[in-house]
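Fold and contact review
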Amino acid sequence: MIKKIAITFGVLHLSFVIFMAYVIATSSDPVAVNAWLLFIPLDFPISLGMFPVSYIFDGNWLLSSIDENGNYNIFRDINNFWVPAIYTGIVGTAWWYYLPILFHKFVLLIKTKKG
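Residues numbered from 1 in each chain as written. Predicted model: local features only at pLDDT ≥ 70, side-chain atom pairs only at ≥ 80, totals over all residues. Heavy atoms only, no water.

Right, let's talk about the environment of leucine 38 for a bit. Along the polypeptide, leucine 38 turns up in the loop between helix H1 (2–26) and helix H2 (39–42). With relative accessibility at 48%, the residue leucine 38 sits in the partly exposed group. (Helix = DSSP H or I, 4+ residues; strand = E, 2+ residues; numbered from the N terminus. Buried < 20%, exposed > 50% of the residue type's maximum accessible area, 1.4 Å probe, protein only.)

Pasting the structure below:
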């Protein structure tokens, strides 16, 4: 039963990440990348690891988000699109998969200590 709940939580989270990536990618507003900030409280405390990861993959030296015509391209924006999408897609989904399992083990541990 716990395994089914864990899979459901993981699939729901990954579906939400894919939906948000679609919404951000199809938006004409470059500020739409701020929608990734929804995942900071949603995936807390695991989401805090996204900040050091984004410093490692500094998009300025990897690829400019401005194309040769001077237009902003979301798919070339490493720090504001790809890092949050991949991090929340992998680490956040794993967090939501393991959270019910960890909670169940914690409850079993408390029950065995009392009894």
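All right, on to the nonpolar core then. Counting eleven residues, the largest nonpolar core is built from Val17, Met20, Ala21, Ile24, Val33, Ala35, Trp36, Phe39, Ile74, Phe81 and Ala85. Those elements that place two or more of their residues in this core are H1 and helix H5 (78–114). At four residues, H1 tops the list of elements feeding residues into this core. Excluding residues that lie within four positions of it along the chain, alanine 85 makes contacts with Val17 and Trp36. (Core = buried A, V, L, I, M, F, W, Y, C linked by side-chain atoms within 4.5 Å. Contact = heavy atoms within 4.5 Å.)

So, about unusual backbone geometry. Most of the time, phi is negative for any residue but glycine, and the peptide bond is trans. A cis amide bond links phenylalanine 44 to the next residue, proline 45, at an omega of 5 degrees. Within the secondary structure, proline 45 is located in the loop between H2 and helix H3 (50–56).

Moving on, we get to a nonpolar patch on the surface. A surface patch of nonpolar side chains, amounting to about 550 Å² of accessible area, comprises Phe16, Phe19, Tyr22, Val23, Leu38 and Leu42. Classification of leucine 42 as partly exposed rests on a relative accessible area of 33%. (Patch = residues over 30% accessible without salt bridge, like charges linked within 9 Å, V, L, I, M, F, W, Y side chains within 5 Å. Areas by Shrake-Rupley, 256 points an atom, 1.4 Å probe, with all protein chains shown as cover. Salt bridge = Lys/Arg side-chain N within 4 Å of Asp/Glu carboxyl O.)

Quick look at the layout of surface pockets now. A probe matching the size of a water molecule, rolled over the atoms, marks out where space remains unfilled. Looking at the largest pocket, its volume works out to about 250 Å³. Residue lining of the largest pocket: 13 residues in total, with Leu37, Met50, Asn79, Asn80 and Pro84 positioned closest to the centre. Residue assignment for the lining of the largest pocket shows that the elements contributing at least two residues are H3 and H5. Residue contributions to the lining of the largest pocket peak at four residues, all from H5. Taken together, the residues that form the lining of the largest pocket break down as eight nonpolar, five polar and no charged. (1 Å grid on protein atoms, 1.4 Å probe; cavity = no way out; pocket = protein on both sides within 12 Å on 5 of 7 lines; lining within 4 Å. Points joined across faces, edges and corners; volume = space filled by probe spheres on them. Nonpolar A, V, L, I, M, F, W, Y, C, P; charged D, E, K, R; others polar.)

Axes are the key here: two packed helices are described by the angle between their axes and the distance separating the axes. Where H1 meets H5, the closest approach of the two axes is 8 Å, and the angle between their N-to-C directions is 160 degrees. If you check the angle between H1 and H5, you find them roughly antiparallel. The chirality of how H1 crosses H5 is right-handed. Classifying every residue of the contact of H1 with H5 gives 16 nonpolar, seven polar and one charged. (Axes fitted to C-alpha atoms, helices over the stretch in contact; angles between N-to-C directions. Parallel < 35°, antiparallel > 145°, perpendicular 65-115°, else oblique. Left-handed = near helix turned anticlockwise from the far one by under 90°.)

For the rest of this paragraph, the subject is the packing of aromatic side chains. This model, assessed by the stated rule, comprises six aromatic pairs. Each ring, one from phenylalanine 9 and one from tryptophan 96, has its centre 5.9 Å from the other, and the planes form 65 degrees; the classification is edge-to-face. Of the two residues, phenylalanine 9 is situated in helix H1 and tryptophan 96 in helix H5; the sequence distance between them amounts to 87 residues. Among the residues examined, phenylalanine 9 registers a relative accessible area of 35% and is labelled partly exposed. Ring centres of tyrosine 97 and tyrosine 98 lie 4.9 Å apart, and the angle between their planes is 80 degrees; this geometry places the pair in the edge-to-face category. Here the aromatic residues Phe16, Trp36, Phe39, Phe81 and Trp82 are joined through ring pairs into a cluster of three or more. (Phe/Tyr/Trp six-rings, centres within 6.5 Å; stacked < 30°, edge-to-face > 60°.)

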